[in-house]
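This is what each chain is made of:
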Amino acid sequence: MNLHLKVWRQKNKNAKGKFVDYEAKDISTDTSFLEMLDVVNEELIKKGEEPIAFDHDCREGICGSCGMYINGRAHGPQVGAATCQLHMRSFKDGDTIVIEPWRAKAFPVIKDLVVDRSAFDRIMAAGGFISVNTGGAPDANALPIPKDVQESAIDAAACIGCGACVAACKNASSMLFVSAKVAHLARLPQGKPEREKRVMAMVAQMEEEGFGACTNTEACSAECPKEIPMDVIAQLRREYIRAFAKSEEKV
Amino acid sequence: MLSEVKSRSAGLDSKVPAGKLEEKWTNHKFKLKLINPANKRKYNIIVIGTGLAGASAAASLAELGYNVKSFCFQDSARRAHSIAAQGGINAAKNYQNDGDSVYRLFYDTIKGGDYRAREANVYRLAELSVNIIDQCVAQGVPFAREYGGLLDNRSFGGAQVSRTFYARGQTGQQLLLGAYSALMRQVGLKKVEMFERHEMLDIVVVDGIARGIIARNMVTGEIESHSGDAVLLCTGGYGNAYFLSTNAKGSNVTAAWRAYKKGAFFANPCFTQIHPTCIPVTGHYQSKLTLMSESLRNDGRVWVPKNPSDKRSPDQVPENERDYFLERKYPSFGNLVPRDVASRNAKEQVDAGKGVGERMNAVYLDFADAIERLGADNIKEKYGNLFDMYKRITDEDPYKVPMRIYPAVHYTMGGLWVDYNLMTAVSGLFALGECNFSDHGANRLGASALMQGLADGYFVIPYTIGGYLAELKKDKVDEKHPAFTEAANNVKGDVKKLLSIKGNKTVDELHRELGQVMWDNVGMARNEKGLKEAISKIKGIREDFWKNVKVLGENEELNQSLEKAGRVADFIELGELIAKDALHRKESCGGHFREEYQTEENEAKRDDENFAYAAAWEFKGVNAEPELHKEELVFENVQLTQRSYK
Amino acid sequence: MSGFFRFIDSSVGKKIVMALTGLFIILFLVEHLAGNLLLLLNDNGKIFEEYSAFMAGSLNIPVRIVEIGLFFFIIYHIVNGVRLWWGNRVARGFSYKVNDPSENSTFFSRFMIWGGTIVFIFLVIHLRTFFFPYRLGNPSNTMYEGAVEAFSNPYYSIFYIIALIFLAFHLVHGFQSAFQSLGIRYNKYTAIIKNFGIVFSILLCAGFALIPLYFLFNAGGN
């Protein structure tokens, strides 16, 4: 199949970017989307033009590196898949494909389709953990955890930190990302001792980074490659209310 | 015994403590010198890589009080390729009451590795495995549970007990996120300074002691110097030397290779693992191969049609015309034979013309029986995400049609030679996880990589690094030392050279050429002629590379071609060493199968008389022959036997 | 800022405030509708007038307090909503060239600020027509007569009905969103809350729309 691409090209953080047209020729339907870009890039290099920069690593949908806005959708048209898991069979011969980087103030473009998602790491550093030092942990079976609790924890823990939630949200809100971690840890007994501190710290950092506020459009969950459910966001709010109610600070 | 090892090969002291196997680690920990808690903050430790080994080491060292600088080439520490491990992590917990023990895990690992691993290291690994599970659960890793709330286990290849802990098909992800969260906690506490999008390009060695690194900031191109009292390489394996592998696209050997060029020894590079269950190649554009977890072999049955070139669709092939070749040849382990055995057998079937699929390059992994026996829901619960992943890639539904699988390069048992303390031949330079060579011998058992990475990071290095630092003379070598300037200038020179060639071949083209040679001649079956041919071809590719590579753009920007070019240059040099190592090892063992050395039943035939050693190669110059150092492997506890999974 | 104000001004807290004030306004709307439906009793507004006199009574302290609260909440709801909208616009920064949000979210969820703005304009006109003259001014006729007069004007009635449609849009998302914002979302109830919200929004606005329709088609009928 042959495709027309319109790709956002931007030399660096401070440069002004623009869309550039490329043709992708003789692409097999079994090719992955990123492999299609590889093919285009090889041709560009041969022609002496700089290849399109994009983040990618594992190419099996788990590292969360890749992510682009493809024809108006985060990670493209395939539901429940990261960009690397999108295959060209999702497109038709002759299609025009517009490829843009994630757009959010908190995710500045570094180059072309590569954005800076370090805000996510800072949110995690603020509270996305259980404070246990190495060593001294009790036997793993000392604390039985009901199977359904464990299952619901892993539903939330499946987040790959790709940023599609932010990209798809009209408010560029990172609530799904933050809530997934809050819910993962709040659902497990090991996470309960720090639950109030954790949710307060993570929400504060999320705001500090300049993400928008969640207005429940549910776009994040719909576009999430791991299909993290909306109930994690509700859980974050419950945790937040609880943390406020229990805080020692005077009203 | 130990002194004998020392005398046979000067400079290769494995530092394995004396005493009984079960007591070595405990005694060693006691004998290691300690550093006063208040003094720990005076030491700076550099950790390269943030996978299971790197993240766990950086977090644990910071918790102890050391100042840590952590580097990764990805945009976030959470993306290291440990995240992609699917199946599980072994631990000798014996929660299933099925006869497991530390000794059995040790024994299975030594045997699975075809007796080419160091006993003491493997025993320590088995011993620590139980602590890992405890630690991870405390961090909130959601391992699978039984209805009663206790932890569940599954079986993996090469073992007859259920000792594998798992979190759906995303165990690596959950373990890494656990280690990553511990790391981020220390970042928040300012005990770890993170350097994302930084690639280590050289080790700075002064008077035989590692004093720091040179790294390139991949966004600005700046060549940075970082000094430290110890450098930990936790940079994973080198499977991408084959171009197509299950590794992440960014996985590379550069850090380990540059360490090798600075005096660390590279051990057993030819011990590469070809994983039996991967999705076969579909076309020339293929950029990587996707693994289907080994756990699938718990319930899936591997078969091919009995008649070569049988073009019927699988459901049209009647039961009596199918060959369940693993079950037929290995009745006691059946589909759960170790990876090397499973892979070689699949290759044998495909080479015999019995391959399935359009390109006849695969064997079936069939779940029809399991679905009938356990129900589709049960299978979905166990493997749902793997089935989805398969369907997405191939457009075929494995609930209805058997999966097509074929072996692919997956893991590398070889790596930097380290002693019992995980220190390389360069003082102060340590290697952890897949980056070192120590624990898996010639073949790694499934679910043992995660175990090793975390054992090294959480429970070994925090002790052994103290022992090293306590004896290190406090003569600070900082970034102003001429050795840093020199190393930085060399790196700058290399970058400039790559950018100035302006040839006519892209980096990927050259990488594919290398990969083809590696796969054809240094792959699942090797022979003298092929290996010699490989060595000469790789030399040709190296010359071609430095004449014809085309790297556009400049250094002072995000330049992915430049990053790749540096890595491929190292892969090419490594490829040659892999082939040389494979050529010198005139025996078959584990993942290293030399066609000249096989039993009558086509199994790997070891030569314990002459090759029961780890081959540690010392760099002598790009165009010079590397020097071989042998670490004789001493087996005091297990008896070397021909592996049999029948 | 004390803890409470920090809480209600956080991104999560702002939505909690939106939810609580929104639900309060919804309760008011139910009461308001019940009162308005008295207009349809065909008694020349007798009972309606008694009801409005009771509600407007200066000694009816509880209602006066609630009324002040209502105005405060409405203003807070509006100001807070505008602040959320603006903050969220800034958070995006650079817009996409091609964006297809219809694939991942409902129109109503993305239309809140605009639906809300239209409802606000309506509210101002509505207050000008009824609240200010009859509650604060010196009206020349009864409120019932005022309503009949206003709704006999087809332009006013059509405007009123259109505004109600936008109010329904606002509530279709707003109702279920309020529960989500308060953290009330459990898989087994989600569908119930969403469906109830839709039916409720339609019925509420249809109820309000009955009144202009009634007077429009019965104009001069009495």
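Cut-offs and rules
- Along each chain, the written sequence defines residue order, and numbers are assigned to residues from 1.
- Starting at A for chains and at 1 for ligands, labels are handed out in the order in which the entities are written.
- With pLDDT at 70 or above as the cut-off, local features in this predicted model cover only qualifying residues; side-chain atom pairs require 80 or more to be listed or tallied, and sums for whole chains, interfaces and linings still use all residues.
- Side-chain measures here rest on the full set of heavy atoms in the structure, leaving out hydrogens and waters.
- Every helix listed is a DSSP run of H or I at least four residues long, and every strand listed is a run of E at least two residues long, numbered separately from the N terminus.
- We call a residue buried when its accessible area falls under 20% of the maximum for its residue type, exposed when it is over 50%, and partly exposed in between, using a 1.4 Å probe and counting protein chains only.
- The criterion used for residue contact is that any of the two residues' heavy atoms lie within 4.5 Å.
- Methods summary: accessible areas were calculated by the Shrake-Rupley approach with a probe of 1.4 Å, and residue burial reflects only the protein chains presented.
- In summary, the charge assignment counts Lys and Arg as positive and Asp and Glu as negative, without counting His or the chain termini.
- Charge positions are represented by NZ for Lys, CZ for Arg, CG for Asp and CD for Glu.
- By buried area we mean the combined loss of accessible area, with a 1.4 Å probe, across both parts when two parts are placed together.
- Put simply, a salt bridge is a Lys or Arg side-chain nitrogen that is within 4 Å of an Asp or Glu carboxyl oxygen.
- What qualifies as a polar contact is a pair of N or O atoms within 3.5 Å, subject to a donor-acceptor requirement within protein and to the restriction that residues adjacent in sequence count only when both atoms come from side chains.
- For this classification, the nonpolar set comprises Ala, Val, Leu, Ile, Met, Phe, Trp, Tyr, Cys and Pro, the charged set comprises Asp, Glu, Lys and Arg, and every other residue, Gly included, is treated as polar.
- At least two DSSP bridges between two strands are needed for those strands to be called paired.
- What counts as an axis is a line fitted to C-alpha atoms, over the stretch in contact for a helix, and the angles between N-to-C directions run from 0 to 180 degrees.
- A helix is expected to span 1.5 Å for every residue after the first.
- One axis fitted to the seven residues ending at a residue, another fitted to the seven starting there: the angle between these axes is the bend at that residue.
- By convention here, the domain bounds are inherited from an automatic or database domain assignment.
- Residues enter patches when their relative accessible area tops 30% and they take part in no salt bridge; the joining distance is 9 Å for like charges and 5 Å for the nonpolar side chains Val, Leu, Ile, Met, Phe, Trp and Tyr.
- The criterion for an aromatic pair is that two Phe, Tyr or Trp rings (for Trp, the six-membered ring) have centres within 6.5 Å, with stacked assigned to planes under 30 degrees apart, edge-to-face to planes over 60 apart and tilted to the rest.

S.K.: Please set out the overall build of chain A residue by residue, giving values where relevant.
M.R.: The helix and strand inventory of chain A stands at eight helices and seven strands. Taken over the C-alpha atoms alone, chain A extends approximately 65 × 40 × 35 Å along its principal axes. The 251 residues of chain A split such that 67% are buried. For chain A, restricting intrachain contacts to residue pairs at least 6 apart in sequence, the fraction spanning at least 24 positions comes to 68%. When the accessible surface of chain A is summed, it comes to about 8,200 Å², and 51% of that surface belongs to carbon and sulfur atoms. Across chain A, 32 positive and 35 negative side-chain charges occur, with their mean positions spaced 4 Å apart.

S.K.: Can you break down the interface of chain B and chain A residue by residue, with the values?
M.R.: Contact with chain B, which involves 80 residues of that partner, is made by 76 residues of chain A. Regarding the contact of chain B and chain A, the summed buried area is about 6,300 Å², with carbon and sulfur atoms giving 49% of it. Contact with chain A buries surface across chain B, with Arg 79, Tyr 285 and Arg 392 of chain B losing the most and accounting together for 12% of the total. For the pair chain B and chain A, the number of links is twelve salt bridges. A salt bridge links Asp 139 of chain A to Lys 93 of chain B; its shortest N-O distance comes to 3.0 Å. Counting across the interface, chain B meets chain A through 53 residue pairs in polar contact (both at pLDDT 80 or more). Looking at the side of chain B that touches chain A, the elements with two or more residues in it are helix H4 (52–64), helix H6 (119–139), helix H7 (171–188), helix H12 (376–394), helix H13 (449–471), helix H15 (507–521) and helix H17 (560–584) of chain B. By residue number, the principal contributor to the side of chain B that touches chain A is H7 of chain B, which donates nine residues. Split into classes, the residues belonging to the side of chain B that touches chain A amount to 29 nonpolar, 28 polar and 23 charged.

S.K.: Before we move on, could you go through the arrangement of the chains and cite the residues and values that matter?
M.R.: Contacts are most numerous between chains A and B, considering all two pairs of chains that are in contact. The two units chain B and chain C are non-contacting; their minimal C-alpha-C-alpha distance is 20 Å.

S.K.: How would you sum up the interface of chain C and chain A? Please name residues and give values.
M.R.: Counting from both sides, the interface comprises 39 residues of chain C and, opposite them, 51 residues of chain A. When chain C packs against chain A, the two sides together hide about 3,700 Å² of surface, and 56% of this comes from carbon and sulfur. Together, Arg 92, Tyr 96 and Asn 104 of chain C form the three largest contributors to the area buried by chain C at its contact with chain A, with a combined 18%. Counting every contact that joins chain C to chain A gives three salt bridges. The salt bridge involving Glu 103 of chain C is made with Arg 73 of chain A; its shortest N-O contact spans 3.5 Å. Inspection of the chain C/chain A interface yields 26 residue pairs in polar contact (both at pLDDT 80 or more). For the side of chain C that touches chain A, the secondary structure elements donating two or more residues are helix H1 (3–9), helix H2 (11–36), helix H4 (61–92), helix H5 (107–110), helix H8 (154–181) and helix H9 (187–217) of chain C. Its residues placed into classes, the side of chain C that touches chain A shows twelve nonpolar, 18 polar and nine charged.

S.K.: Tell me what's going on with the sheet that holds strand E2 (residues 18–24) of chain A, and back it up with residues and numbers.
M.R.: Residues and elements named next belong to chain A. The strand order E2-E1-E5-E3-E4 describes an open sheet built from five strands, whose pairing is mixed. Two strands lie at the open edges of the sheet, namely E2 and strand E4 (73–74), each paired on one side alone. Pairing of strand E3 (residues 69–70) with E4, which is carried by two bridges, proceeds in the antiparallel orientation. From the neighbouring strand, Ile 70 faces E4, where its bridge partner is Arg 73. Contacts from helix H1 (residues 33–47) reach strand E1 (3–9), E2, E3 and strand E5 (96–100), with the element oriented near 95° to E2.

S.K.: Describe helix H6 (residues 112–136) of chain C, naming the residues involved and giving the relevant values.
M.R.: All names here are of chain C. Its 25 residues give H6 an end-to-end C-alpha distance of only 31 Å, which falls more than 12% under 36 Å, the value for a rise of 1.5 Å per residue. The largest bend in H6 comes to about 45°, at Leu 127. Of all the positions in H6, only Ile 113, Gly 115, Val 119, Phe 122, His 126, Leu 127, Phe 130, Phe 131 and Tyr 134 are classed as buried. Looking at the buried positions of H6, the neighbouring elements they touch are H2, H4, helix H7 (143–152) and H8.

S.K.: Lay out the environment of Glu 319 of chain B in plain terms, naming residues and giving numbers.
M.R.: Residue and element names in this part refer to chain B. When you line up the elements, Glu 319 lands in the loop between strand E13 (301–305) and strand E14 (322–323). The exposure class assigned to Glu 319 is partly exposed, which follows from its relative accessible area of 49%. Residues Glu 319 and Pro 305 lie 14 residues apart in sequence; the distance between their C-alpha atoms is 9.3 Å. Setting aside chain neighbours within four positions, we find Glu 319 in contact with Arg 301 and Tyr 324. Engagement of the side chain of Glu 319 in a polar contact is seen with the side chain of Tyr 324, the distance being 3.0 Å.

S.K.: An account of the domain arrangement of chain A is requested, with residue identities and associated values reported.
M.R.: All names here are of chain A. Taken domain by domain, chain A comprises domain 1 (3–110) and domain 2 (117–246). Computed from C-alpha coordinates alone, the two centres of domain 1 and domain 2 are separated by 29 Å. Every contact between the two is made by 20 residues of domain 1 and, on the other side, 21 residues of domain 2. Here domain 1 packs against domain 2, burying approximately 1,600 Å² in sum over the two surfaces, 57% of which is carbon and sulfur. Considering only the side of domain 1, the residues that lose the most area to domain 2 are Trp 102, Ala 106 and Phe 107, jointly responsible for 31% of the buried surface there. Put simply, domain 1 and domain 2 have two salt bridges between them. Of the charged contacts in the structure, one is a salt bridge between Arg 73 and Glu 223, with a shortest N-O distance of 2.6 Å. Across the contact surface, domain 1 and domain 2 share five residue pairs in polar contact (both at pLDDT 80 or more). Broken down by class, the residue content of the side of domain 1 that touches domain 2 amounts to twelve nonpolar, five polar and three charged.

S.K.: So what's going on with a nonpolar patch on the surface? Which residues, and what values?
M.R.: On the surface, Phe 120, Ile 121, Val 124 and Ile 125 of chain C cluster together to form a nonpolar patch covering roughly 310 Å² of accessible area. Mapping Ile 121 of chain C onto the fold places it in helix H6.

S.K.: Summarise the packing of aromatic side chains; cite the residues concerned and give the values.
M.R.: Residue and element names in this part refer to chain C. Following the criterion strictly, the structure yields 66 aromatic pairs over all chains and no others. Centre to centre, the rings of Phe 71 and Phe 131 are 5.4 Å apart; their planes meet at 55°, and the pair counts as tilted. Of this pair, Phe 71 sits in helix H4 while Phe 131 sits in helix H6, placing them 60 residues apart in sequence. According to the relative accessible area criterion, Phe 131 is buried, its value standing at 16%.

S.K.: Please provide a residue-by-residue account of the pairing of strand E2 (residues 67–71) of chain B, values included.
M.R.: Residues and elements named next belong to chain B. Among the five residues in E2, four count as buried, and that is most of the element. Looking at chain direction, strand E1 (residues 44–48) and E2 are connected through five bridges and run parallel. Paired with Val 47 across the two strands is Ser 70, which belongs to E2. Relative to strand E6 (residues 192–195), E2 runs parallel, the two sharing four bridges. Opposite Phe 71, over in E6, you have Phe 195 as the bridge partner.

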